[in-house]
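So the chains spell out like this:
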Amino acid sequence: MQLRFSPSMRSITISSTNGFLDLMKIKVAARYISYRTFFHFVLFAAILLPFFFIPAAMVTLERINANKCSSLDCLTGRRWGPGFLGGADDSTRLVSELYKVLDQVNMEEIPDGMKTPESFNELLSDMKNNQYDAKTFAIKLKSTIENLDREIRKSRLAEQMHKHFAASAIPKGIHCLSLRLTDEYSSNARARKQLPPPELLTLLSNNFHHHFVLATDNILAASVVVNSTLKSSSKPEKIVFHVITDKKTYAGMHAWFALNSVSPAIIEVKGVHQFDWLTRENVPVLEAIESHNVVRHHYHGDHVRGANLSDTPRLFASKLQARSPKYISILNHLRIYLPELFPNLNKVVFLDDDVVIQHDLSPLWDIDLGGKVNGAVETCRGGDGWVMSKRFRTYFNFSHPLIAKNLDPDECAWAYGMNIFDLAAWRKTNIRDTYHHWLKENLKSNLTMWKLGTLPPALISFRGNVHPIDPSWHMLGLGYQEKTNIESVKKAAVIHYNGQSKPWLEIAYKHLQPFWTKHVNYTNDFIRNCHIMEPEYQQTDG
């Protein structure tokens with residue numbers, strides 16, 4: 001800091017010590033300076049000087065020690081002086097050097113035998129105790145982050161594995177319901193009454209009615225599909241439900257609908273064993289699927305061996321879902337035989353057991369399919385980039401020569417689960433034979449063409465026979481997309497809980513579950529006695 005008086009004593013100049021900046025000039029009209037002016041000058045200087053002297057002193061001290069700095073403390077630095085005092089340049093240089101060290105370490109392997117800290121606190125303590133240089137610290141940091149990343153991946157894969165087993169298991173309450181109703185069927189004549197009554201049998205093949213087909217062994221889920229359909233219908237008296245189940249569940253399923261009337265709608269319950277056409281001679285490929293060693297190992301083998309730490313949780317979940325035992329169940333393949341199972345019907349709507357009907361579906365019968373067989377919602381376009389981004393490449397292995405030769409990876413996929421089928425048009429095609437052919441080819445290739453159940457062979461078989469319908473008819477993903485938009489759910493005609501998180505399971509998404517549970521009669525004696533309880537969140541919401 002310098003103070004200069006002009007020779008004439010008419011001005012006073014205050015400047016910095018290095019002469020770069022004139023801080024103040026005071027011009028005086030005469031040689032005489034009043035005491036008041038001098039007092040103001042001294043006061044101003046006393047206030048101003050510390051602001052320049054203290055930072056300048058600190059910068060000088062840091063520069064003295066600059067060449068002695070090699071530890072991590074110096075790299076992180078305390079260059080906090082004002083930019084015009086030189087601190088900013090040092091800080092930028094040090095950060096640049098740190099980036100160089102990190103880039104160098106990023107290209108190197110972690111040394112064998114290096115002890116990796118298990119947490120950030122352990123890393124921080126280790127760093128303080130050992131006074132690492134910058135490179136050693138960077139290597140330790142990289143090792144810690146990679147270790148934590150592996151643990152996170154293991155946890156996420158384990159979570160998906162547990163969800164897979166939870167989704168594949170039969171909940172105790174639903175198993176109890178089936179057993180109690182089966183017992184009721186054997187001891188209660190009302191539970192065995194004919195469905196439908198003899199006078200209404202002709203309506204089962206009446207094409208002026210709206211026919212729905214549901215194939216399931218889940219009694220509770222079947223009741224929700226039927227109840228929600230009837231509740232949403234403007235003309236329930238025109239509805240005919242054909243519920244198909246397996247032999248072990250037939251008695252319990254029949255008892256449920258015999259004891260719980262769906263009037264004015266009509267319902268029949270049949271087991272697969274009651275269809276004369278459904279024999280091993282007509283569906284030999286299903287016997288091959290059930291007895292094929294590779295298939296049995298794939299669906300019933302050690303799923304833990306399928307875990308790969310390089311998989312994302314989403315990819316691993318899809319691999320597990322592809323190994324669900326339901327994919328070798330005849331109930332899951334049954335829809336490909338609808339023209340033969342219902343030879344007198346012209347149109348049917350096929351429903352999965354994990355759907356809820358929210359709007360009247362009768363307009364589906366008025367849709368002109370243009371001679372096509374299958375009315376379905378396409379799943380390759382839409383706002384949800386996860387659920388509505390499915391093309392053939394999603395389901396097929398295009399490194400397989402047969403797949404690459406015959407299919408287009410960019411072809412749009414469509415949804416199973418709510419489809420309107422023109423059975424009259426279907427009978428003029430070879431869809432069933434095509435389905436059998438590709439199933440056999442996949443078995444020959446040891447399941448290397450696809451591993452996602454029954455949709456892939458259907459995508460091939462129905463090619464050229466699919467008529468796209470409006471997406472509002474069928475909303476998918478409620479069983480695997482937690483961020484499903486609630487307002488979109490409310491507007492959809494059919495919501496589909498495809499995925500692992502079925503609404504009757506503990507792993508269901510709680511904010512999506514009420515759309516399903518509101519159709520369950522929790523006051524029913526069989527449901528109460530099996531301790532199938534109404535979720536608490538719904539009770540508190542009224």
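Residues numbered from 1 in each chain as written. Predicted model: local features only at pLDDT ≥ 70, side-chain atom pairs only at ≥ 80, totals over all residues. Heavy atoms only, no water.

Basically, it comes down to this: UniProt positions are given in the numbering used here, feature names are shortened, and annotations may be inferred rather than shown by experiment.
The protein chain goes by Hexosyltransferase in an unreviewed UniProt entry, where it is assigned to Acorus gramineus. In its Pathway (unreviewed entry) section, UniProt records this for the protein chain: "Glycan metabolism; pectin biosynthesis." Turning to the protein chain, the UniProt record has this under Sequence similarities (unreviewed entry): "Belongs to the glycosyltransferase 8 family."

Let's talk about the overall build of the protein chain
Condition: Runs of E in the DSSP output that reach at least two residues are strands. Runs of H or I that reach at least four are helices, and both are numbered from the N terminus. Exposure is judged per residue with a 1.4 Å probe applied to protein chains only, and the accessible area is read against the type maximum: over 50% gives exposed, under 20% gives buried, and values in between give partly exposed.
If you tally the helices and strands in the protein chain, you get 22 helices and 12 strands. Looking at the 542 residues of the protein chain, the share that counts as buried comes to 46%.

Topic: the confidence of the model for the protein chain
Formally: pLDDT is defined as a per-residue confidence score from the predictor, taking values between 0 and 100. By the convention used here, residues are in contact when the closest approach between their heavy atoms is within 4.5 Å.
Mean pLDDT for the protein chain: 81, with 72% of residues reaching 70 or above. Counting contacts from residues 19-32, a segment whose pLDDT is below 50, to residues more than four positions away or on other chains yields 31 contacts. Taken as a whole, residues 75-86 scores under 50 in pLDDT and shows 21 contacts with residues more than four places along the chain or in a different chain.

Structural notes on helix H7 (residues 219-232)
The periodicity of an α-helix, 3.6 residues per turn, causes residues three or four positions apart to be oriented the same way. Note the threshold: A helix is expected to reach a length of 1.5 Å times the quantity of its residues less one. As used in this structure description, the phrase polar contact means that two N or O atoms lie within 3.5 Å; if the pair is within protein, one of them must be able to donate a hydrogen and the other to accept it, and residues adjacent in sequence are counted only when both atoms belong to side chains.
Taking 1.5 Å per residue as the helical rise, H7 with its 14 residues ought to reach 20 Å, and the 20 Å between its terminal C-alpha atoms agrees with that figure. For H7, a buried count of 12 out of 14 residues is recorded, marking the element as mostly surrounded by other parts of the structure. All of the buried residues in H7 are Ile 219, Leu 220, Ala 221, Ala 222, Ser 223, Val 224, Val 225, Val 226, Ser 228, Thr 229, Leu 230 and Ser 232. Its side-chain oxygen 3.2 Å from the backbone nitrogen of Leu 220, Asn 218 forms the N-cap of H7.

Description of the environment of Glu 411
Turning to its location among the elements, Glu 411 is positioned in the loop between helix H15 (401-406) and strand S10 (418-422). Overall, the relative accessible area of 22% leaves Glu 411 in the partly exposed class. Glu 411 sits 18 residues away from Arg 393 along the chain, and the two C-alpha atoms are 8.1 Å apart. Here Glu 411 is in contact with Arg 391, Phe 392 and Arg 463, once residues within four sequence places are set aside.

Section: the state of the cysteines
Short version of the rule: To count as a disulfide, a pair of cysteine sulfur atoms needs to be within 2.5 Å.
Applying the stated criterion to the full structure yields two disulfides. Here Cys 176 pairs with Cys 530 through a disulfide, and the sulfurs are 2.1 Å apart. Handedness here is read from the sign of the S-S torsion; for Cys 176 and Cys 530, about -75°, the answer is left-handed. A residue pair is termed long-range when its members are at least 10 positions apart, and Cys 176 in helix H6 (residues 172-187) and Cys 530 in the loop between helix H21 (525-529) and helix H22 (536-540) qualify at 354 residues. Comparing Cys 176 with Cys 530, the two get one shared label, buried. Between the sulfur atoms of Cys 380 and its disulfide mate Cys 412 the distance is 2.0 Å. Across the disulfide from Cys 380 to Cys 412, rotation about the S-S bond amounts to roughly -100°, and the bridge is consequently left-handed. Residue Cys 380 is located in the loop between strand S9 (374-376) and helix H14 (392-395), and its partner Cys 412 is located in the loop between H15 and S10; the two are separated by 32 residues in the primary sequence. Each of the two residues, Cys 380 as well as Cys 412, counts as buried.

Quick look at the sheet that holds strand S5 (residues 239-245)
The criterion, for reference: One requirement defines pairing of two strands: DSSP has to find at least two bridges between them. In this analysis, axes come from line fits to C-alpha atoms, helices being fitted only over the stretch in contact, and the angle between any two N-to-C directions falls in the range 0 to 180 degrees.
The strand order across the open sheet formed by seven strands is S6-S5-S4-S7-S10-S9-S11, and the pairing between neighbours is mixed. Taken across any chain shown, the strands that pair with only one partner, and hence form the sheet edges, are strand S6 (266-271) and strand S11 (466-468). The sheet shows a mean angle of 25° between the axes of neighbouring strands, taken without regard to direction. Taken together, the six bridges between strand S4 (residues 210-215) and S5 define a ladder with parallel strand orientation. When the sheet's bridge partners are listed, Leu 214 is paired in S5 with Val 243. Sheet contacts for H7: S4, S5, S6 and strand S7 (347-351); angle to S5, the most-contacted strand, approximately 170°. Packed on one face of the sheet, helix H8 (residues 247-259) meets S5 and S6 and runs near 160° to S6.

Some details on the pattern of salt bridges
Convention followed: Whenever a carboxyl oxygen of Asp or Glu lies within 4 Å of a side-chain nitrogen of Lys or Arg, that contact is scored as a salt bridge.
Counted under the stated rule, the structure contains 12 salt bridges. For Arg 432, the salt bridge is made with Glu 340, and the minimal N-O distance between the two is 3.5 Å. One end of the pair, Arg 432, is in helix H17 (residues 431-444); the other, Glu 340, is in helix H13 (residues 338-341), and 92 residues separate them in sequence. Note on Arg 432: relative accessible area 24%, which makes it partly exposed. Residue class for Glu 340 comes out partly exposed when judged on its relative accessible area of 26%. Within this structure, Asp 217, Asp 246 and Lys 248 form a network of salt bridges that share partners.

Quick notes on the nonpolar core
Here is a general trend for soluble globular proteins: nonpolar side chains tend to be buried in one another's company. The test is simple: Nine residue types can take part in a nonpolar core, namely buried Ala, Val, Leu, Ile, Met, Phe, Trp, Tyr and Cys, and a core is a set of them joined through side-chain atoms within 4.5 Å.
By size, the foremost hydrophobic cluster in this structure holds 68 residues, and its most contacted members are Leu 177, Phe 257, Leu 351, Leu 364, Trp 473 and Ile 495. If you tally residues by element for this core, the top one is H7, at eight residues. Beyond its immediate chain neighbours, meaning those up to four positions away, Leu 351 contacts Phe 212, Val 213, Leu 214, Ala 215, Val 225, Thr 229, Phe 241, Ile 357, Gly 417 and Met 418.

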